Amino acid sequence: SVRVWQHWWNIYSGDCTMSSTLYVDSLIEKTSGNGVHIPGHVIQTHWHPVTASFDSTVNAYVTQSSTTFTPKFTGSKIVVEWSGHVYKYNSVGGGNSAARLLYAGSTLWQNNYLTYLTGSSGEYMYSGLMRGVTTSANTSAATVSFDISAGTQGRQYVYGNTGGIYIQEIAQ
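Residues numbered from 1 in each chain as written. Predicted model: local features only at pLDDT ≥ 70, side-chain atom pairs only at ≥ 80, totals over all residues. Heavy atoms only, no water.

Asker: Describe the environment of I167, and please don't skip the residues or the numbers.
Answerer: Positionally, I167 belongs in strand β10 (residues 164-170). Accessibility expressed as a relative area gives 0% for I167, which makes it buried. For the pair I167 and I78, spaced 89 residues apart in sequence, the C-alpha separation works out to 7.0 Å. Beyond its immediate sequence surroundings of up to four residues, I167 is in contact with Q44, T45, H46, T67, F69, I78, V79, V80 and V144. (Helix = DSSP H or I, 4+ residues; strand = E, 2+ residues; numbered from the N terminus. Buried < 20%, exposed > 50% of the residue type's maximum accessible area, 1.4 Å probe, protein only. Contact = heavy atoms within 4.5 Å.)

Asker: Now, about a nonpolar patch on the surface: what can you tell me, with residues and values included?
Answerer: A grouping of L27, V36 and I38 is seen on the molecular surface, where their side chains present a nonpolar patch of about 250 Å² in accessible area. Considering the arrangement of structural elements, one finds V36 in the loop between α1 (2-12) and β1 (42-49). By relative accessible area, which is 36% here, V36 ends up partly exposed. (Patch = residues over 30% accessible without salt bridge, like charges linked within 9 Å, V, L, I, M, F, W, Y side chains within 5 Å. Areas by Shrake-Rupley, 256 points an atom, 1.4 Å probe, with all protein chains shown as cover. Salt bridge = Lys/Arg side-chain N within 4 Å of Asp/Glu carboxyl O.)

Asker: So, the environment of N111: which residues are in play, and what are the values?
Answerer: Looking at the secondary structure, you find N111 in strand β6 (residues 106-116). Distance in space between the C-alpha atoms of N111 and R100 is 6.4 Å, their sequence separation being 11 residues. Sequence-distant contacts of N111, defined by excluding residues within four places in its chain, comprise S97, A98 and A99.

Asker: Quick one: what's the story with the packing of aromatic side chains, residue by residue and with numbers?
Answerer: Enumeration according to the criterion identifies one aromatic pair in this entry. A ring pair is formed by W82 and F146, whose centres lie 3.9 Å apart and whose planes are at 10°; its orientation type is stacked. Note that W82 is positioned in strand β4 (residues 77-90) and F146 in strand β8 (residues 142-149), a separation of 64 residues in sequence. The exposure class assigned to W82 is buried, which follows from its relative accessible area of 1%. Directly above the ring of Y61 sits R100, whose terminal nitrogen or CZ lies 4.0 Å from the centroid. (Phe/Tyr/Trp six-rings, centres within 6.5 Å; stacked < 30°, edge-to-face > 60°. Lys NZ or Arg CZ within 6 Å of the ring centre and 35° of its normal.)

As structure tokens, then:
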């Protein structure tokens, strides 16, 4: 009939507009291992808990915890967070500690005065969340680390089982 012929002509001539709402119970990738890419949505997450305590008197950055993360897509936003407790003890007074968050060797977040002591001696506990954002340059594995420096004086502790590194890849 003419109506059926018109319908097929519209499809093959490029008139494929849809003016309805699409409801689905599941979304399955077309090619296995390729993933489903929806801009603004989380593609994957990774959690790396801090299980061991860390103690340092070094006045240089030392890696406290690290993990490897492999993006599924190039150009995704990568959100990296570290949470936990940092404890500074100084028996002689003064001094600060510093921390940074790295993704593939690049600094995402850094604070040169994470803890700072004044006076003759002291202790300081910092419970916090450090966050940095970058864009994936490729789909190769990248090292993510939280590095800490005890500063010029004192000791720096990070307690185990109190936090860790959390990573999200977000589609663009």
